[in-house]
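Understanding the architecture of this molecule
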Amino acid sequence: MASGNKDFPKEDPYDVLGVQPTDDAATINKAYRKLALQLHPDKIQQFSAKEQELAAERFQKIQSAKAFLTEPEYAKAREKYDLQRASQLRRKQVEAERTKSMSEKRKRMRDELAEQEKDARQRKVSRPKEHHSKDKVRDLQKEGEQLRQQYADKEAAKKVAEMTKASNEDRQIRLKWSRKKLKISPTEHSIAELMRQFGSVETVEFLGSKGNAALVTFTKPDSCRPCVDMYAESEEMRASYVGKRKEDDREETASLPKEKVAKDWKIQRAVEREKLLREMELEETTSKSSPKRARRKSPYVFPPPLPGDKNRPPWQILQEQEALILKNYLSPEQIQNIQIKS
């Protein structure tokens, strides 16, 4: 698809390499290597001089196409080219659909009108009134062409935006955290550093006005699954999919057996119950150790009453308990020596 822009390649680089605009850099490099092996000067020595010249020209074209589609210096030009290319393809599709839906009579009328317009452009008009009329028709045709071009560009840009959004959603996860449990409020830089353990991070964007959610875009879709699994049971931060992957994850959860769902629900309830008990114990411990709150009166008294009964005094009972405790460590004679003599 040729273009008049000097920054664009003369031939469509996607057609030259046989790839699609949605293909990634790895696919483009693979297609280039395949063609380069076929057109390399060492592979065409047995060809005629004319064939070698054509192969050399094509080899230069695939090199230029590969550079335009993969090099960072062509990023802006490549983005503009993709929009223009999509617009032209969309316009051709609209014209093809319009032609397909026309009846034979309407097609004949359209062709006759096109022939008349062609003859009118080629024929010289001598009378001023006719010249003015032809100019008006030409202006109307030009205006109509501009409107069709604007509509096609708008539709193409909308389609490209939808494709870009769908492509980005496969590489995005949504983070949400508790500001009370995190001691330090995260920043875009700190979130990016934290997420790099799962893969290279492209962008980090805060969501909402509460400051407790962010949208993270990885360079590869494979980085999302480990991140979501890592924070599945975290109390401080949770990660979830975005867009279609979020719906697929819900369907996957819904397709699980009811017994597994019930088991997971019971486990979750047990974990929440244990967490609540720990919080209650922590609050009770804090309330006891806090000097601001009044201490509860202990039910125990000090010193405790000595054991005893009506027939034996307390010191005799204590000596018996002492003998029971020390019998594994001392001999009976040693125990008697350290006890009180009656």
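Residues numbered from 1 in each chain as written. Predicted model: local features only at pLDDT ≥ 70, side-chain atom pairs only at ≥ 80, totals over all residues. Heavy atoms only, no water.

Within an unreviewed UniProt entry, the label attached to the protein chain reads DnaJ homolog subfamily C member 17, and the organism entered is Fistulifera solaris.

A look at the overall build of the protein chain
Counting secondary structure elements, the protein chain contains 12 helices and 4 strands. Buried positions account for 20% of the 342 residues belonging to the protein chain. In the protein chain, of all internal contacts separated by at least 6 residues, the share reaching a separation of at least 24 is 55%. As presented, the protein chain carries roughly 27500 Å² of accessible surface, and 53% of it is formed by carbon and sulfur atoms. (Helix = DSSP H or I, 4+ residues; strand = E, 2+ residues; numbered from the N terminus. Buried < 20%, exposed > 50% of the residue type's maximum accessible area, 1.4 Å probe, protein only. Contact = heavy atoms within 4.5 Å. Areas by Shrake-Rupley, 256 points an atom, 1.4 Å probe, with all protein chains shown as cover.)

Some points on a positive patch on the surface
Taken together, the side chains of Arg-174, Lys-176, Arg-179 and Lys-210 present a region of like positive charge at the surface. Here Arg-179 lies in the loop between β1 (172-177) and α7 (188-195). (Patch = residues over 30% accessible without salt bridge, like charges linked within 9 Å, V, L, I, M, F, W, Y side chains within 5 Å. Salt bridge = Lys/Arg side-chain N within 4 Å of Asp/Glu carboxyl O. Lys, Arg positive; Asp, Glu negative; His and termini not counted. Charge placed at Lys NZ, Arg CZ, Asp CG, Glu CD.)

Observations concerning the packing of aromatic side chains
This structure, assessed with the given rule, holds 5 aromatic pairs. Summarising the aromatic geometry, the rings of Phe-68 and Tyr-81 are spaced 5.7 Å apart at their centres and angled 85° between planes, so their arrangement reads as edge-to-face. Placement of Phe-68 in helix α3 (residues 49-70) and of Tyr-81 in helix α4 (residues 75-101) is noted, with a sequence separation of 13 residues between them. Judged on exposure class, the residue Phe-68 and its partner Tyr-81 are both buried. (Phe/Tyr/Trp six-rings, centres within 6.5 Å; stacked < 30°, edge-to-face > 60°.)

Re the side chain of Ser-87
By the element assignment, Ser-87 lies in helix α4. Of the residues examined, Ser-87 reaches a relative accessible area of 2% and is grouped as buried. Filtering out sequence-adjacent residues up to four positions away, Ser-87 remains in contact with Gln-149, Ala-152, Asp-153 and Ala-156.

Describing the sheet that holds strand β3 (residues 213-218)
Read from one edge of the open sheet, 4 strands run β2-β3-β1-β4, paired in antiparallel fashion. This sheet does not close on itself; its edge strands, each paired only once, are β2 (201-206) and β4 (237-241). For this sheet, the mean angle separating the axes of adjacent strands, direction not counted, is 25°. As paired strands, β1 and β3 are joined by 5 bridges and run antiparallel to one another. In the sheet register, Ile-173 faces β3, and the bridge partner there is Val-216. Strands β1, β2, β3 and β4 of the sheet are contacted by α7, whose axis makes an angle of about 140° with β2. (Pairing = 2+ DSSP bridges. Axes fitted to C-alpha atoms, helices over the stretch in contact; angles between N-to-C directions.)

Re the packing of helix α2 (residues 25-39) against α3
Closest axis-to-axis distance for the α2/α3 pair is 10 Å, and the angle between their directions is 165°. Relative to α3, the element α2 lies roughly antiparallel. The handedness of the crossing between α2 and α3 comes out as left-handed. Contact residues: Ile-28, Asn-29, Tyr-32, Leu-35, Ala-36 and Leu-39 in α2; Ala-55, Arg-58, Phe-59, Ile-62, Gln-63, Lys-66, Leu-69 and Thr-70 in α3. Here the residues of the contact of α2 with α3 sort into 9 nonpolar, 3 polar and 2 charged. (Parallel < 35°, antiparallel > 145°, perpendicular 65-115°, else oblique. Left-handed = near helix turned anticlockwise from the far one by under 90°. Nonpolar A, V, L, I, M, F, W, Y, C, P; charged D, E, K, R; others polar.)

Here we look at the packing of α3 against α4
Packing of α3 against α4 leaves a shortest axis separation of 8 Å and a crossing angle of 100°. With respect to their mutual orientation, α3 and α4 come out roughly perpendicular. Residues Phe-68, Leu-69 and Thr-70 of α3 form the contact with α4, whose participating residues are Ala-77, Arg-78 and Tyr-81. Looking at the contact of α3 with α4 residue by residue, the class counts come to 4 nonpolar, 1 polar and 1 charged.

Section: the state of the cysteines
Tallied over the full model, the rule gives 0 disulfides. Cysteine Cys-224 is unpaired, with the sulfur of Cys-227 as its nearest cysteine sulfur at 7.5 Å. Classification of Cys-224 as buried rests on a relative accessible area of 0%. Classification of Cys-227 by relative accessible area gives buried; the value is 0%. (Disulfide = S-S within 2.5 Å.)

A short note on the confidence of the model for the protein chain
Reading predicted coordinates in detail is not appropriate for stretches of low pLDDT. Residues with a pLDDT of 70 or more make up 78% of the protein chain, whose mean pLDDT is 78. Of all the helices and strands in the protein chain, helix α9 (residues 244-254) carries the lowest mean pLDDT, 60, while β3 carries the highest, 91. (pLDDT = per-residue confidence, 0-100.)

A few points about a nonpolar patch on the surface
On the surface, Leu-276, Leu-277 and Met-280 cluster together into a nonpolar patch covering about 280 Å² of accessible area. Along the chain, Met-280 turns up in helix α10 (residues 258-289).

Looking at the pairing of β4
Of the two faces of β4, only the one carrying Met-237, Ala-239 and Tyr-241 is buried; Arg-238 and Ser-240 on the other face are not. Pairing of β1 with β4, which is carried by 5 bridges, proceeds in the antiparallel orientation. In the strand pairing of β4, Lys-176 is matched with Arg-238.

Considering the environment of Ala-36
Positionally, Ala-36 belongs in helix α2. According to the relative accessible area criterion, Ala-36 is buried, its value standing at 12%. Residues Ala-36 and Gln-60, 24 residues apart in the sequence, show an inter-C-alpha distance of 9.6 Å. Not counting residues within four places of it along the chain, the set of residues in contact with Ala-36 comprises Phe-59 and Ile-62.

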